[in-house]
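One-letter residues, chain by chain:
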Amino acid sequence: MPLPRVEIQYCIQCRWLLRAGWTAQELLTTFSDTLGEVALVPKTGGVFAVYVDSELVFDRKTEGRFPEMKEIKQLVRNKVAPEMKLGHSDTAVKSQATSAKDRDSNKCKACEQTD
């Protein structure tokens, strides 16, 4: 049985490759023997989305923000290894109200896309 595949789509115009790469690194470190692949998929249009086996688990545009790393780890864990303990990453993720500063950081200057 093949191991799960995680796909991280990121906007090249927004220059979110480093964020996508960091997310991939964290997932590969946490799920080292549980994942078969973490793929970085360049897109445009202000996208930052995470899929597990082609199922969307987080979308920046839908949520109106970037995910916290522990949130992504929890969402991936729930799909690939629900029994796995994540230690400090198992604590509740705070609900984030989108402030004006947060909204501005979610704007894509290069491709002129917003939330």
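Residues numbered from 1 in each chain as written. Predicted model: local features only at pLDDT ≥ 70, side-chain atom pairs only at ≥ 80, totals over all residues. Heavy atoms only, no water.

A. Fine view of the overall build of the protein. From N to C terminus, the protein includes 4 helices and 4 strands. Seen in sequence order, the protein has helices and strands lined up from the N terminus as β-α-β-β-β-α-α-α. Sorting the 115 residues of the protein into buried and exposed places 42% on the buried side. Put simply, 66% of the contacts in the protein that link residues at least 6 apart link residues at least 24 apart. Here the protein has roughly 6,900 Å² of accessible surface; of this, 50% comes from carbon and sulfur atoms. (Helix = DSSP H or I, 4+ residues; strand = E, 2+ residues; numbered from the N terminus. Buried < 20%, exposed > 50% of the residue type's maximum accessible area, 1.4 Å probe, protein only. Contact = heavy atoms within 4.5 Å. Areas by Shrake-Rupley, 256 points an atom, 1.4 Å probe, with all protein chains shown as cover.)

B. Expanded view of the sheet that holds strand β1 (residues 5–11). Strand order in the open sheet formed by 4 strands is β2-β1-β3-β4, and the pairing between neighbours is mixed. Each edge of the open sheet carries a strand with a single partner, namely β2 (37–43) and β4 (55–59). When strand polarity is set aside, the average angle formed by the axes of neighbouring strands in this sheet is 20 degrees. Note: β1 against strand β3 (residues 48–52), 5 bridges, orientation antiparallel. If you follow I8 over to β3, its bridge partner there is V50. Relative to β1, helix α1 (residues 17–30) is tilted by about 165 degrees, and along the sheet it contacts β1, β2 and β3. Taken strand by strand, helix α3 (residues 69–80) contacts β1, β3 and β4, and its axis lies near 165 degrees from that of β4. (Pairing = 2+ DSSP bridges. Axes fitted to C-alpha atoms, helices over the stretch in contact; angles between N-to-C directions.)

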